[in-house]
Amino acid sequence: QLAKGLVEIDGKWVTKDEKFRHDQLAKGLVEYQGQWLTKDEAFRRTQLAKGLVEVKGEWLTKDEKFRHDQLAKGLVEYNGQWVKPDEKYRHEQQAKGLVEYKGQWVTPAEKLRQEQLAKGLVEYKGEWLTKEQAFRRAQTDKGLVEVNGEWLTKAEQFRREQLAKGLVEYQGKWVKP
């Protein structure tokens, strides 16, 4: 058998190529694309051939690796884009119709209210007025009139006008004394 170029392994006669293969397998190697590699290296090359990348011992698709990298940068996904968490929060608040005012997210109406209050204005019946204007409107709405800086009912105004003319009230009528 030796003359035929055969060698003996475990009582069997095999070719030198078969012996070489047997020896490689005995070392724990595997054949991969015509090369003898460790199982780990053959697995690594198989994964790479599939387009996968290794990240901390885990095999990921390129999309998964991109996602992993974005998360590692502290970014979050919002509407198909990678943004900072505070930017995502800003977009979410704006989507709710809120606006940022002095570091807080409020409705546009609340922003207007806070701006008017900061100017010293007050709201009276849906209108923003100075405190004096609001007071005057409230007095007028009560039916009062201003006479020489004093707020009077129309009846009291009439009574004072009659007295100023020198009239007196007698049995429910204004007459000359």
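First things first, this report covers the structure right here in the doc. Computed from a predicted structure; not experimentally measured.

Moving on, we come to the overall build of the protein chain. A count of helical and extended segments in the protein chain gives seven helices and 16 strands. The C-alpha radius of gyration computed for the protein chain amounts to 47 Å, which surpasses the reference 16 Å derived for 177 residues by more than 25%, pointing to a less compact arrangement than a globule. The principal-axis extent of the C-alpha atoms belonging to the protein chain is close to 160 × 25 × 20 Å. Every one of the 177 residues in the protein chain was classed for burial, and the buried ones make up 20%. Considering only contacts in the protein chain between residues 6 or more positions apart, those separated by 24 or more positions represent 0%.

So, about the pattern of salt bridges. Summed over the entire model, instances satisfying the criterion amount to 16 salt bridges. For Arg-45, the salt bridge identified is with Glu-41, shortest N-O distance 2.8 Å. Linking Arg-45 with Glu-41, this pair stays in helix α2 (residues 39-49), spanning four residues, or about one helical turn. Taking relative accessible area as the criterion, Arg-45 reaches 29% and is therefore assigned partly exposed.

Pairing of strand β3 (residues 29-32) with strand β4 (residues 35-38) involves four bridges; the strand directions are antiparallel. Residue pairing in the sheet places Leu-29 in a bridge with Thr-38 of β4. In textbook terms, the turn of a hairpin is the stretch between consecutive antiparallel strands, and for β3 and β4 this stretch comprises two residues, one of which, Gln-33, has a positive phi near 50 degrees.

With that out of the way, let us pick up the pairing of strand β2 (residues 12-15). As defined by bridge partners, strand β1 (residues 6-9) adjoins β2 across four bridges and the pair is classed as antiparallel. Bridge assignment links Ile-9 to a residue of β2, and that residue is Lys-12. Here β1 hands over to β2 after two residues, with Asp-10 in that stretch at a positive phi of 45 degrees.

Turning our attention to a nonpolar patch on the surface. Together, Val-168, Tyr-170 and Val-175 line one region of the surface with nonpolar side chains, adding up to about 250 Å² of accessible area. Inspection of the secondary structure assignment puts Tyr-170 in strand β15 (residues 168-170).

Further remarks concern the side chain of Gln-24. The topology assignment puts Gln-24 in helix α1 (residues 16-26). Contacts of Gln-24, omitting those with residues within four sequence positions, involve Leu-29 and Trp-36.

Thresholds applied
Residues numbered from 1 in each chain as written. Predicted model: local features only at pLDDT ≥ 70, side-chain atom pairs only at ≥ 80, totals over all residues. Heavy atoms only, no water. Helix = DSSP H or I, 4+ residues; strand = E, 2+ residues; numbered from the N terminus. Rg over C-alpha atoms; globule rule 2.2 N^0.38 Å. Buried < 20%, exposed > 50% of the residue type's maximum accessible area, 1.4 Å probe, protein only. Contact = heavy atoms within 4.5 Å. Salt bridge = Lys/Arg side-chain N within 4 Å of Asp/Glu carboxyl O. Pairing = 2+ DSSP bridges. Patch = residues over 30% accessible without salt bridge, like charges linked within 9 Å, V, L, I, M, F, W, Y side chains within 5 Å. Areas by Shrake-Rupley, 256 points an atom, 1.4 Å probe, with all protein chains shown as cover.

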